[in-house]
Amino acid sequence: MRDNQALFHLDGELFVPSEAAGNPWGELTGGGPVAGLLARAVERHTDDPDLFVARLTVDLMRPVPRTPLTAAVRPLRTGKRLHVVEATLTAGDKDVAHATAQLLRHSDVDGPEPDEAVPFPGPDGIADGHLLPPELGLRWGVHDVVQVRWVADQSATGTSRAWMRMPLPLLPGEPLSPLGHVAVLVDCISAASPIGPIFGPWINTDITLYLHRPFEGEWLGMEIRRDVQPTGIGVASARLYDERGPIGNAHEAVMVNQLG
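Reading guide: rules and limits
Residues numbered from 1 in each chain as written. Predicted model: local features only at pLDDT ≥ 70, side-chain atom pairs only at ≥ 80, totals over all residues. Heavy atoms only, no water. Helix = DSSP H or I, 4+ residues; strand = E, 2+ residues; numbered from the N terminus. Rg over C-alpha atoms; globule rule 2.2 N^0.38 Å. Buried < 20%, exposed > 50% of the residue type's maximum accessible area, 1.4 Å probe, protein only. Contact = heavy atoms within 4.5 Å. Areas by Shrake-Rupley, 256 points an atom, 1.4 Å probe, with all protein chains shown as cover. pLDDT = per-residue confidence, 0-100. Expected span 1.5 Å × (residues − 1). Pairing = 2+ DSSP bridges. Salt bridge = Lys/Arg side-chain N within 4 Å of Asp/Glu carboxyl O.

## Re the overall build of the protein chain
Thought 1: If you tally the helices and strands in the protein chain, you get four helices and 13 strands.
Thought 2: Over its C-alpha atoms the protein chain spans a radius of gyration of 18 Å, differing by no more than 12% from the 18 Å that the globule rule assigns to 260 residues.
Thought 3: Dimensions of the protein chain along its principal axes, counting C-alpha atoms only, are 55 × 50 × 40 Å.
Thought 4: Looking at the 260 residues of the protein chain, the share that counts as buried comes to 51%.
Thought 5: For the protein chain, long-range pairs separated by at least 24 residues make up 66% of all intrachain contacts whose partners lie at least 6 apart in sequence.
Thought 6: For the protein chain, the exposed surface amounts to about 13100 Å²; the carbon and sulfur share of it is 51%.

This is how it looks when you write it as structure tokens:
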């Protein structure tokens, strides 16, 4: 029976990745669950409801094993309008991932409410799909757990579009926060981006979110582009939506290895 009740389980102060948190390449933890865990650590560091995580950058410094992990947080700056927080994920005695968050204080400003609709349909009425084709025969993990409804898949020219949802919590009995939900899902933008003329196995080495309001609902809409050069280095970018409208943007640095 697959371990798929949550992405992690607590063992004292240790976070133990489940099979559902795995990635397709080995006994490793996927970047999305890692980003979600770091987002959780950042959020639990502050109890000020007027501070909003406007930027979260996650550096995926090393492959994260599916072994017990610890999370540590420290403030880098605590001002009246801006807080900067650093979170680190450790496996054994090695730091494996690192996050820096900017928390900005809400303020009321004059001006009309933006009237921006989501520029593609869904998620209702769109069939469920897969993030990665099942015929590849990859190791089961978080890429299979994520629910995906494609508007235009990786074969699209220029821009792919999809709605995604994470049906599992980070921890048993603890619902995903809006930030945690987005952090888990945006790791998918590299895999969900259009294939383009330069094709090969690619990985993202970071995740950066820029948000202007909290995510609402269960389905995150993504409008994704990928720009990869013959150097084997590129960027995947996505505009992010909930069913109400735009919520921000995400970016990832990607490395590509040409096949053949």
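The structure having been displayed, the exposition proceeds.
## A closer look at unusual backbone geometry
Thought 1: Of note, the bond from Gly-122 into Pro-123 is cis; its omega dihedral lies within 30 degrees of zero at 0°.
Thought 2: When you line up the elements, Pro-123 lands in the loop between strand E6 (94-105) and helix H2 (142-145).

## Section: the confidence of the model for the protein chain
The predicted structure's coordinates, where accompanied by low pLDDT, should not be read in detail.
Thought 1: Looking at the protein chain as a whole, its pLDDT mean stands at 91, while 93% of the residues score no less than 70.
Thought 2: Averaged pLDDT values over the elements of the protein chain bottom out at 83 in strand E9 (residues 202-204) and peak at 98 in helix H3 (residues 178-186).

## Concerning helix H1 (residues 31-45)
Thought 1: With 15 residues, H1 should reach 21 Å at 1.5 Å per residue; the first-to-last C-alpha distance of 21 Å fits that figure.
Thought 2: Listing the buried residues of H1 in full gives Gly-31, Gly-32, Pro-33, Val-34, Ala-35, Gly-36, Leu-37, Leu-38, Ala-39, Arg-40, Ala-41 and Val-42.

## Some words on the pairing of strand E12 (residues 233-242)
Thought 1: Two strands pair when backbone bridges link them, and strand E11 (residues 220-228) and E12 are joined in this way by eight bridges, in the antiparallel orientation. What sits directly across from Arg-225, in E12, is Ser-237.
Thought 2: A loop of four residues connects E11 with E12, the two strands running antiparallel in sequence, and Gly-232 in this loop sits at a positive phi of about 80°.
Thought 3: Here E12 pairs with strand E13 (residues 245-256) via ten bridges, running antiparallel. Bridging across to E13, Val-235 finds its partner in Ala-253.
Thought 4: Hairpin connection, E12 to E13: the antiparallel pair is bridged by two residues.

## Topic: H3
Side chains three or four residues apart in an α-helix point the same way, a direct result of the helix having 3.6 residues per turn.
Thought 1: Of all nine residues in H3, eight are buried; the element is thus mostly enclosed.
Thought 2: Taken together, the buried positions of H3 are occupied by Leu-179, Gly-180, His-181, Val-182, Ala-183, Val-184, Leu-185 and Val-186.

## What to know about the pattern of salt bridges
Thought 1: One pass over the full model with this rule turns up twelve salt bridges.
Thought 2: For Glu-27, the salt bridge identified is with Arg-66, shortest N-O distance 3.2 Å. Taken together, the residues span a long stretch of sequence, with Glu-27 in the loop between strand E2 (14-17) and H1 and Arg-66 in the loop between strand E3 (51-59) and strand E4 (69-78) at a distance of 39 residues.
Thought 3: The exposure class assigned to Glu-27 is partly exposed, which follows from its relative accessible area of 49%.
Thought 4: Here Arg-213 ties to Glu-216 by a salt bridge, and the two come within 3.8 Å at their closest N and O atoms.
Thought 5: On the accessibility criterion, Glu-216 (39% relative accessible area) is partly exposed.
Thought 6: Overlapping salt bridges, with partners in common, bring together Arg-213, Glu-216, Asp-242 and Arg-244 in one network.

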